[in-house]
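Chain and residue survey
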Amino acid sequence: MTQLSLPGFEAIPQVPAHRLFLAIKPDSATAEHIGRLVELLRPAVGFKGKALHAHRLHVTLYYLGDFVQPPPEDLIARIRGAAEALVMPPFSVTFDRVVSLHGRRDKRPFVLVGSDEVAPLMAFQSALGEALQEAGVPLPGGQFKPHVTLLYDRGGFASKPVEPVTWTVRDFMLIHSWLGKTRYDELGRWSLTG
């Protein structure tokens, strides 16, 4: 019998406090444009939730895990190695629709999505995935559905066209998110120069 199995010494569930992901971010002018777009959509769509801050707008390329303690350094080193080895040219991406995704009824994500203009992003994400796998980084299953989360709110609506939002992707980054604290730490940034 261990001390943890004695009455009064029950194990406390470990709640993840850290998340690791690779992402692209819009440049500052595009992020400001997205902020204005949210405000224009408010009356038409009925947004009540607070828009995400411009510095938090991103497209997640790969979710790399949630952790109770800060992410392991050996995993971060393998991710950095894969990112440094990737050679790709800059590319443009366009998002031209807004839609609500499934989620908790009182906190559904409202997002920008694209149509045909996200093909270069899909190719980049696939090449990055191959580099990560070669470096021994475990990747989640599932299909990549590129989107930029604008805010969280109640309700929902079908996909609606919006004025296209386009930017040139010149780099990507590894982000350590402190869950529940709206804090992002950038652990690496790599330029696209191929």
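Residues numbered from 1 in each chain as written. Predicted model: local features only at pLDDT ≥ 70, side-chain atom pairs only at ≥ 80, totals over all residues. Heavy atoms only, no water.

As named in an unreviewed UniProt entry, the protein chain is RNA 2',3'-cyclic phosphodiesterase, taken from Ralstonia condita. Turning to the protein chain, the UniProt annotation filed under Catalytic activity (unreviewed entry) states: "a 3'-end 2',3'-cyclophospho-ribonucleotide-RNA + H2O = a 3'-end 2'-phospho-ribonucleotide-RNA + H(+)". Among the UniProt annotations of the protein chain, the heading Function (unreviewed entry) holds the following wording: "Hydrolyzes RNA 2',3'-cyclic phosphodiester to an RNA 2'-phosphomonoester." (UniProt positions renumbered as here; feature names shortened; annotations may be inferred.)

With respect to the pairing of strand S5 (residues 147-153)
With 5 of 7 residues buried, S5 lies mostly within the body of the structure. Direction of pairing for strand S4 (residues 108-113) relative to S5: antiparallel, over a ladder of 6 bridges. Note on S5: the bridge partner recorded for arginine 108 is aspartate 153. (Buried < 20%, exposed > 50% of the residue type's maximum accessible area, 1.4 Å probe, protein only. Helix = DSSP H or I, 4+ residues; strand = E, 2+ residues; numbered from the N terminus. Pairing = 2+ DSSP bridges.)

Some thoughts on the nonpolar core
Leu22, Leu61, Phe124 and Phe172 are the most contacted members of the largest nonpolar core, which totals 50 residues. No other element matches the 6 residues that helix H1 (residues 28-46) contributes to this core. Among all residues touching phenylalanine 172, those that are not within four sequence positions of it are Leu22, Ala23, Ile24, Leu61, Ala83, Leu86, Phe124, Leu128, Gly188, Arg189, Trp190 and Leu192. (Core = buried A, V, L, I, M, F, W, Y, C linked by side-chain atoms within 4.5 Å. Contact = heavy atoms within 4.5 Å.)

Overview of the side chain of serine 177
Take serine 177: it is sitting in strand S7 (residues 171-178). What serine 177 contacts, discounting residues up to four positions off in sequence, is Ala17, His18, Arg19, Phe21, Arg183 and Tyr184.

Let's talk about the layout of surface pockets
Considered as a void within the structure, the largest pocket measures approximately 940 Å³ in volume. Lining the largest pocket are 32 residues, and of these Arg19, His58, Thr60, His147 and Tyr152 lie nearest its centre. Broken down by secondary-structure element, the contributors of at least two residues to the lining of the largest pocket are strand S1 (18-24), strand S2 (59-67), S4, S5 and S7. When residues in the lining of the largest pocket are grouped by element, the largest group, 5 residues, is from S2. (1 Å grid on protein atoms, 1.4 Å probe; cavity = no way out; pocket = protein on both sides within 12 Å on 5 of 7 lines; lining within 4 Å. Points joined across faces, edges and corners; volume = space filled by probe spheres on them.)

Description of the sheet that holds S2
Strand order in the open sheet formed by 4 strands is S2-S1-S7-S8, and the pairing between neighbours is antiparallel. Whereas interior strands pair on both sides, the edge strands pair on one side only; in this sheet they are S2 and strand S8 (183-191). Within this sheet the neighbouring strands show an average axis-to-axis angle of 20 degrees, counted without direction. Sheet topology note: the S7/S8 ladder contains 8 bridges and is antiparallel. In the sheet register, aspartate 171 faces S8, and the bridge partner there is serine 191. Packed on one face of the sheet, helix H2 (residues 73-85) meets S1, S2, S7 and S8 and runs near 35 degrees to S8. (Axes fitted to C-alpha atoms, helices over the stretch in contact; angles between N-to-C directions.)

Re the sheet that holds S5
Strand order across the open sheet formed by 4 strands is S5-S4-S3-S6, with antiparallel pairing between neighbours. The open sheet is flanked by S5 and strand S6 (160-169), the only strands paired with a single partner. For this sheet the average axis-to-axis angle between neighbouring strands, irrespective of direction, equals 30 degrees. Here H1 sits on the sheet in contact with strand S3 (91-100), S4, S5 and S6, set at roughly 170 degrees to S6.

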